[in-house]
Amino acid sequence: MEPKKQTIIFVLIAVISTAGIVAGVTYVIMAPTPEGEVDALEIYHWWTSGGEAAAITALVDEFITLYPDTTVQQVQIAGGGGFEMRVKIKTLMLAGQPPDTFQIHNGYEWKIFYDAGLLDNIDNIWTTELKAAVPDVVEDISKGPDGHYYSVPVNIHRSNVMWYNAKVLQYNAIDPATLTTWPAFWAACDKLIANGTSGITNPVAMGEQWTAAHAFEQVLASVGIDTYEAWINGDIDSVSATHYADLLTACEIYENLTDYINSDWAVLSWDSAIAKLIGASPTAAFSIMGDWANGEFFQAGWTHGVEYDTIGVPGTGNMYGLVVDCFEKPKNIPHPTNVNRWLAVVASKDGQDAFNPLKGSISARTDANVTKYGPYQTSAITDFNAIDISPTSYMFPSVVHGSGAPEAFNSDFIPLIGALTSGAATATATATAIAALASTYASDFIKVWSL
Ligand code: GAL
C-alpha cells in the first residue's frame with residue numbers, strides 16, 4: 001500500500017532483506033514439529049465478552065483445521081482493553097517464563113518487551129505478500145526502532161464510533177444525521193431526558209475508567225486533528241504549548257459529556273455499558289466505543305441499520321481512529337514452531353476473514369473477502385478506504401489502546417480522565433496534568449506522527 005498521510009518516522013530505520021522470506025513461510029507451514037518439541041501452543045488474550053470470545057474461537061479453529069494434532073490452550077484473562085492481562089504478561093516475561101504468544105496492541109504497547117530484548121524478530125512472517133496487503137500505517141507500527149518486525153496485526157478497530165439505539169432515536173424524533181457537533185448532541189440528550197418517555201435518564205452509556213479515557217480521546221480528536229497530532233507527538237507538554245488551549249477545550253467538552261452518563265460507570269465493564277442500549281427496555285441511547293461493540297449487537301441478533309446504528313463521534317466524521325490488536329513471539333518459548341504457524345494463520349486472509357466478521361473490526365489486510373462481513377463492517381471498510389485516499393480525512397492512532405503514545409504516559413493519563421469523569425478534578429486541573437505528563441515522559445515519545 002502506498003503511504004499517504006500516515007507517515008511514521010522511526011528514530012532508527014534499519015534496512016531489512018526480504019530475500020528468502022517467502023521461502024521462510026513455506027518452511028513454517030510445511031515443516032513437521034521438530035523432534036523434542038511438544039506439539040502444543042499456548043495463546044494469551046483478553047477476549048472474553050460474547051463477541052470477542054466468538055471471534056478468537058473462530059481464529060483458533062482456523063489453526064486447528066490446519067494443525068489438528070496440536071494441543072491448543074487459550075489462556076483468557078478477563079478485563080476489557082487488556083489492562084489486567086498485561087499485568088500478568090509483564091510478570092511472566094520479566095520472570096523468564098514467557099507464554100508462547102500473546103495478544104497486545106500494536107506499537108508502543110509492546111515496546112517495553114522490545115527494549116528488554118524479550119521479543120523475537122518475526123521478519124519471516126512478513127512476506128512480500130503480507131506487506132503488499134497491509135496498509136502502511138499498520139505495517140509501520142509492527143516494526144521496532146531497529147526496522148525489524150515484532151508483531152502480526154489481526155485487525156483494525158475503529159475507535160471514534162457513536163453507537164445508538166435506532167428505535168429510541170426514531171421514537172423521540174431525533175435525526176442522527178444532524179448530530180455532527182457537540183451542541184447538537186447535547187440538544188439530543190436534553191430532548192431524551194425531557195421526553196422521559198423511553199425510560200432514559202442518562203442518555204450516554206459509559207463504562208469503567210479506560211472506556212472514559214477512550215471517549216476523551218475521541219473528544220480530543222473532535223477538537224482538531226492538528227491538536228491530536230501534537231498530543232501524540234508529546235508536544236502539548238506545558239500550559240504555554242501551542243494547542244494547550246485546545247486540550248483544555250477538549251477537557252471542557254468531555255466534562256459536559258459526563259453530565260449525561262450513568263452514575264455506575266466506574267464499575268461497569270465495556271460490554272455491560274453497551275448492554276444498556278440493547279434489549280426490550282434500554283436505559284441509554286448512545287455510547288462512544290470502539291467497534292468491538294458491534295460484536296455485542298451481533299450476538300444479540302440485532303441488525304445494523306435496523307435496531308441499532310452508528311455515526312462518527314461529533315466532529316470526527318472525516319476521521320478513522322485506529323486500534324490494532326496483534327500477536328507477539330517472545331524469545332525462549334516452549335513451542336516456537338507452533339508460534340510461527342500461529343502467526344502465519346493470524347496474518348492470513350482466511351484467518352482474518354474468520355476472526356474479524358465476529359469481532360466488529362475490519363481485516364488488517366486490504367484483500368479481505370468483503371462478502372463475509374456484515375453491514376456495519378462493510379460500511380467501515382468503505383470509510384477506511386475513502387479516508388485512506390482523501391487529503392482532507394485522517395487516521396489517528398489510539399493512545400488508550402497502546403499505539404499513539406508511550407505506555408508510561410498512557411498509564412498515568414487514564415486515571416486523570418477517571419478523576420475528571422467522577423468530578424474529582426476540574427477541566428483546568430486535568431488539562432494541566434495531562435500536559436505535565438507529556439513533559440515527564442518526553443524522552444519516551446520516539447515517533448513523529450504526521451496524520
Ligand atoms: C480493545 C481491544 C479490542 C477489544 C476491546 C475490549 O483494547 O483492542 O480488541 O477487545 O479492547 O476488550
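Nothing here was measured: the structure is a model prediction, and the numbers come from that model. Here the residue numbering is sequential within each chain, running from 1 through the sequence in written order. Local features are withheld for residues below a pLDDT of 70 in this predicted model, meaning they are given only at 70 or higher, and side-chain atom pairs are given and counted only at 80 or more; totals for whole chains, interfaces and linings count all residues. Note that the side-chain values use all heavy atoms of the structure and ignore hydrogens as well as water.

### Focus: the site of the ligand
Now for step 1: It suffices for a single heavy atom of a residue to lie within 4 Å of a molecule or strand for the residue to be listed as near it. Not every one of the 14 residues close to the ligand is listed here, only the nearest: Glu52, His105, Asp325, Lys359 and His401.
Now for step 2: Within the side chain of His105, a nitrogen or oxygen atom sits 2.7 Å from an oxygen atom of the ligand.
Now for step 3: Definition of a polar contact: a pair of N or O atoms within 3.5 Å, with one able to donate and the other able to accept a hydrogen when the atoms are protein atoms, and with sequence-neighbouring residues admitted only if both atoms are side-chain atoms. At 2.7 Å, a side-chain N or O of His401 approaches an oxygen atom of the ligand.
Now for step 4: Across the complex, the protein chains shield 100% of the 300 Å² of accessible surface that the ligand would expose by itself.
Now for step 5: Put simply, Ala, Val, Leu, Ile, Met, Phe, Trp, Tyr, Cys and Pro go in the nonpolar bin, Asp, Glu, Lys and Arg in the charged bin, and everything else, Gly too, in the polar bin. A breakdown of the residues in the shell around the ligand according to their chemical character gives six nonpolar, five polar and three charged.
Now for step 6: The start and end points of each domain follow an automatic or database-based domain assignment. Looking at the shell around the ligand, you find at least three residues from each of domain 1 (3-156 + 326-386) and domain 2 (158-321 + 398-444). Computed with the Shrake-Rupley method and a 1.4 Å probe, the accessible areas treat only the protein chains shown as cover for residues.

### A look at the packing of helix H9 (residues 209-223) against helix H11 (residues 244-257)
Now for step 1: Lines fitted to C-alpha atoms define the axes here, with helix axes fitted over just the stretch in contact, and angles between the N-to-C directions of these axes take values from 0 to 180 degrees. Helix numbering and strand numbering both begin at the N terminus, where a helix is a DSSP run of H or I of at least 4 residues and a strand a DSSP run of E of at least 2. Relative to each other, H9 and H11 sit at 130°, their axes nearing to 9 Å. When the axes of H9 and H11 are compared, the pair comes out oblique. H9 and H11 meet at a crossing whose hand is right-handed. Each of Ala212, Ala215, Phe216, Val219, Leu220 and Val223 in H9 lies in contact with H11, whose residues at this interface are Asp246, Leu247, Thr249, Ala250, Cys251, Ile253, Tyr254 and Leu257.
Now for step 2: Residue classes in the contact of H9 with H11 are distributed as twelve nonpolar, one polar and one charged. Any angle between 65 and 115 degrees counts as roughly perpendicular, while under 35 counts as roughly parallel, over 145 as roughly antiparallel, and the rest as oblique. The hand of a helix crossing depends on one turn: near helix anticlockwise from the far one by less than a right angle means left-handed, and clockwise means right-handed. We call two residues in contact whenever any of their non-hydrogen atoms come within 4.5 Å of each other.

### Quick look at the state of the cysteines
Now for step 1: Two cysteine sulfurs form what is called a disulfide whenever their separation falls within 2.5 Å. For the structure on display, the rule yields zero disulfides.
Now for step 2: Cysteine Cys251 shares no disulfide, and the gap to the nearest cysteine sulfur, in Cys189, comes to 19 Å.

### Points about the pairing of strand E12 (residues 394-397)
For a regular strand, side-chain orientation follows a simple rule: the groups alternate between the two sheet faces.
Now for step 1: Only protein chains enter the accessibility calculation, which uses a 1.4 Å probe; a residue is then buried when its area is under 20% of its type maximum, exposed when over 50%, and partly exposed in between. Because side chains alternate across E12, one face comprises the buried residues Tyr394 and Phe396, and the other comprises Met395 and Pro397, equally buried.
Now for step 2: As paired elements, strand E10 (residues 319-323) and E12 share four bridges and run parallel to each other. In the strand pairing of E12, Leu322 is matched with Pro397. Paired strands are those between which DSSP finds at least two bridges.

### Quick look at the domain arrangement of the protein chain
Now for step 1: Taken domain by domain, the protein chain comprises domain 1 (3-156 + 326-386) and domain 2 (158-321 + 398-444).
Now for step 2: The C-alpha centroid of domain 2 is placed 28 Å from the C-alpha centroid of domain 1.
Now for step 3: At the interface, 29 residues of domain 1 touch 27 residues of domain 2.
Now for step 4: Two parts placed together each lose some accessible area under a 1.4 Å probe, and adding up what both lose gives the buried area. Interface area for domain 1 against domain 2, summed over the two sides, is near 2200 Å², with a carbon-plus-sulfur share of 54%.
Now for step 5: What counts as a salt bridge is simple: a side-chain nitrogen of Lys or Arg found within 4 Å of a carboxyl oxygen of Asp or Glu. Here domain 1 is connected to domain 2 by two salt bridges.
Now for step 6: Between Glu407 and Lys90 there is a salt bridge, with the nearest N and O atoms lying 3.1 Å from each other.
Now for step 7: Our count for the domain 1 to domain 2 interface comes out at ten residue pairs in polar contact (both at pLDDT 80 or more).
Now for step 8: Residue assignment for the side of domain 1 that touches domain 2 shows that the elements contributing at least two residues are helix H2 (50-66), helix H3 (83-94), helix H4 (108-115), helix H15 (349-359) and helix H16 (375-389).
Now for step 9: Of all the elements, H16 adds the most residues to the side of domain 1 that touches domain 2, at seven residues.
Now for step 10: By residue class, the composition of the side of domain 1 that touches domain 2 is twelve nonpolar, twelve polar and five charged.

### A look at the environment of Leu247
Now for step 1: With respect to the helices and strands, the residue Leu247 is situated in helix H11.
Now for step 2: A residue is classified by how much of its surface remains accessible, and Leu247, at 0% relative accessible area, is buried.
Now for step 3: Put simply, Leu247 and Val60 are 187 residues apart on the chain and 42 Å apart in space, counted from C-alpha to C-alpha.
Now for step 4: Contact partners of Leu247, with chain neighbours within four places excluded, come to Phe216, Leu220, Thr227, Ile236, Ala431, Ile434 and Ala435.

### Observations concerning the pairing of strand E4 (residues 101-105)
Now for step 1: Counting buried positions along E4 yields five of five residues, so the element is predominantly enclosed.
Now for step 2: Judged by which residues are buried, E4 turns out to be covered on both faces: Thr101, Gln103 and His105 on one side and Phe102 and Ile104 on the other are all buried.
Now for step 3: Bridging between strand E2 (residues 40-45) and E4 involves two bridges; their strand directions are parallel. Opposite Ile43, over in E4, you have Thr101 as the bridge partner.

### A closer look at the sheet that holds E4
Now for step 1: With mixed pairing, five strands are arranged side by side in an open sheet as E3-E2-E4-E11-E5. The open sheet has two free edges, formed respectively by strand E3 (71-76) and strand E5 (152-153), since each of these has just one partner strand.
Now for step 2: Docked against the sheet, H3 engages E2 and E4, running at close to 130° with respect to E4.

### Observations regarding helix H10 (residues 225-232)
Now for step 1: Burial analysis of H10 places six of its eight residues in the buried class, the great majority of the element.
Now for step 2: With its phi angle positive at about 75°, Gly234 sits one or two positions after the end of H10.

### Section: the pattern of salt bridges
Now for step 1: Following the criterion strictly, the structure yields nine salt bridges and no others.
Now for step 2: A salt bridge links Asp383 to Arg158, with the nearest nitrogen and oxygen atoms 2.8 Å apart. With Asp383 in helix H16 and Arg158 in strand E6 (residues 157-158), this pair connects stretches of sequence that are 225 residues apart.
Now for step 3: Asp383 sits in the partly exposed class, given a relative accessible area of 32%.
Now for step 4: By relative accessible area, which is 7% here, Arg158 ends up buried.
Now for step 5: Residues joined by salt bridges that share partners form a network here, namely Glu129, Arg365 and Asp367.

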